[in-house]
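Residue-level listing of the chains:
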Amino acid sequence: MPKLLQNILSLLAGVVVGSAVNMALIQLGPVVIAPPAGVELHNAESLKQGISLFEPQHFVTPWLAHALGTFAGAWVACYLAASYKIQLAFVVALLFFCGGVAASIMIPAPGWFIALDLLLAYLPMAWLAGKLHQSPGR
């Protein structure tokens, strides 16, 4: 398989796997930590009106979804790529980062969460995935 095609497919696989991990954790979050009474997480208006009821614990699973989704996607891209492994991991992270910026505009959240999410859930996870992929024995 030509390297360019393999790299494109590795990038797509990273995005698909990362998205699947993200969505699985987002779906699991309310099961593990129930939202505040009366807030419907899949209703934008309900979320906007009830965001003041959220406590820091309610932001754990969204952050983990973003961080672990990015990590998984970046790692898969590194693993499957023929070349430019670290760069492809960062492309995955940048795509997820753009999604995080969009989400921070569309979904009301406290400033501390948006900052924590955008600063620590995306690019550092790509770096970590790349470093783990480069570890001895790979």
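Shown above is the structure to which this text applies.
Everything numeric here is computed off the predicted structure, so don't read it as measured data.

J.: It is not clear to me how the environment of isoleucine 86 should be interpreted in this structure. Could you clarify?
T.: Along the chain, the position of isoleucine 86 falls in helix H4 (residues 85-106). Distance from isoleucine 86 to alanine 74, taken between C-alpha atoms, is 8.3 Å for residues 12 residues apart in sequence. Aside from chain neighbours lying at most four places away, what touches isoleucine 86 is Cys78, Gly130 and Gln134.

J.: Explain the layout of surface pockets to me, please; I cannot follow it from the model alone.
T.: Any empty space left between the atoms is revealed when a probe the size of a water molecule rolls over them. The computed volume of the largest pocket comes to approximately 750 Å³. Secondary-structure elements contributing two or more residues to the lining of the largest pocket are helix H1 (3-32), helix H2 (44-50), helix H3 (60-80), H4 and helix H5 (111-120).

J.: Explanation requested: a nonpolar patch on the surface in the structure shown.
T.: A surface patch of nonpolar side chains, amounting to about 620 Å² of accessible area, comprises Met1, Leu4, Leu5, Ile8, Leu9 and Leu12. Summarising the element assignment, leucine 5 is placed in helix H1.

J.: Would you take a moment to explain the packing of H4 against helix H6 (residues 123-134) for this structure?
T.: To characterise two packed helices, one gives the angle between the axes of the helices and the distance between these axes. Where H4 contacts H6, the axes come no closer than 8 Å and their chain directions differ by 155°. Of the possible angle classes, the one that applies to H4 and H6 is roughly antiparallel. Classified by chirality, the crossing of H6 by H4 is right-handed. Packed against H4, whose contacting residues are Lys85, Ile86, Ala89, Phe90, Ala93 and Leu94, the element H6 presents Leu123, Ala126, Trp127, Gly130, His133 and Gln134 at the interface. Classifying every residue of the contact of H4 with H6 by side-chain character gives eight nonpolar, three polar and one charged.

J.: Help me out: how do you make sense of the nonpolar core in this one?
T.: As a rule of thumb, nonpolar side chains are buried together in soluble globular proteins. One finds Phe54, Phe59, Trp63, Ala67 and Ala121 to be the most contacted residues of the largest nonpolar core, which totals 16 residues. For this core, the secondary structure elements donating two or more residues are H3 and H4. With residues near it in sequence (within four places) discarded, alanine 121 still touches Trp63, His66, Ala67, Thr70 and Leu116.

J.: Sorry, what's going on with unusual backbone geometry here?
T.: Glycine aside, residues mostly have negative phi angles, and peptide bonds mostly take the trans form. Even without being a glycine, tyrosine 84 presents a positive backbone phi close to 55°. Relative to the elements of secondary structure, tyrosine 84 occurs in the loop between H3 and H4.

J.: Honestly, the packing of aromatic side chains in this entry has me stumped. Any pointers?
T.: Here the distance between the centres and the angle between the planes together describe a pair of aromatic rings. Per the stated rule, a full pass over the model turns up six aromatic pairs. Pairing tryptophan 75 with tyrosine 79 gives two aromatic rings, centres 5.0 Å apart and planes at 15°, and the pair type is stacked. Within this pair, tryptophan 75 and its partner tyrosine 79 are both found in helix H3, separated by four residues, close to a single helical turn. Overall, tryptophan 75 belongs to the partly exposed group, its relative accessible area being 22%. Consider the rings of phenylalanine 97 and tyrosine 122, whose centres lie 5.9 Å apart with planes at 85°: the pair is edge-to-face. Taken as a pair, phenylalanine 97 in helix H4 and tyrosine 122 in the loop between H5 and H6 lie far apart in primary sequence, 25 residues in all.

J.: Can you help me understand H4 in this one?
T.: Two residues of an α-helix separated by three or four positions point the same way, owing to the 3.6 residues in each turn. Taking 1.5 Å per residue as the helical rise, H4 with its 22 residues ought to reach 32 Å, and the 32 Å between its terminal C-alpha atoms agrees with that figure. Those residues of H4 that sit buried are Leu88, Ala89, Val92, Ala93, Phe96 and Gly100. Taken end-on, H4 shows its buried residues confined to a sector of 140°, consistent with a single buried face. Away from its buried face by more than 90 degrees, H4 exposes Cys98 and Ile105. If you follow the buried residues of H4, they end up packed against H1, H3, H5 and H6.

Here is what the cut-offs are and how they apply
Residues numbered from 1 in each chain as written. Predicted model: local features only at pLDDT ≥ 70, side-chain atom pairs only at ≥ 80, totals over all residues. Heavy atoms only, no water. Helix = DSSP H or I, 4+ residues; strand = E, 2+ residues; numbered from the N terminus. Contact = heavy atoms within 4.5 Å. 1 Å grid on protein atoms, 1.4 Å probe; cavity = no way out; pocket = protein on both sides within 12 Å on 5 of 7 lines; lining within 4 Å. Points joined across faces, edges and corners; volume = space filled by probe spheres on them. Patch = residues over 30% accessible without salt bridge, like charges linked within 9 Å, V, L, I, M, F, W, Y side chains within 5 Å. Areas by Shrake-Rupley, 256 points an atom, 1.4 Å probe, with all protein chains shown as cover. Salt bridge = Lys/Arg side-chain N within 4 Å of Asp/Glu carboxyl O. Axes fitted to C-alpha atoms, helices over the stretch in contact; angles between N-to-C directions. Parallel < 35°, antiparallel > 145°, perpendicular 65-115°, else oblique. Left-handed = near helix turned anticlockwise from the far one by under 90°. Nonpolar A, V, L, I, M, F, W, Y, C, P; charged D, E, K, R; others polar. Core = buried A, V, L, I, M, F, W, Y, C linked by side-chain atoms within 4.5 Å. Buried < 20%, exposed > 50% of the residue type's maximum accessible area, 1.4 Å probe, protein only. Phe/Tyr/Trp six-rings, centres within 6.5 Å; stacked < 30°, edge-to-face > 60°. Expected span 1.5 Å × (residues − 1). Arc of directions from axis to C-beta.

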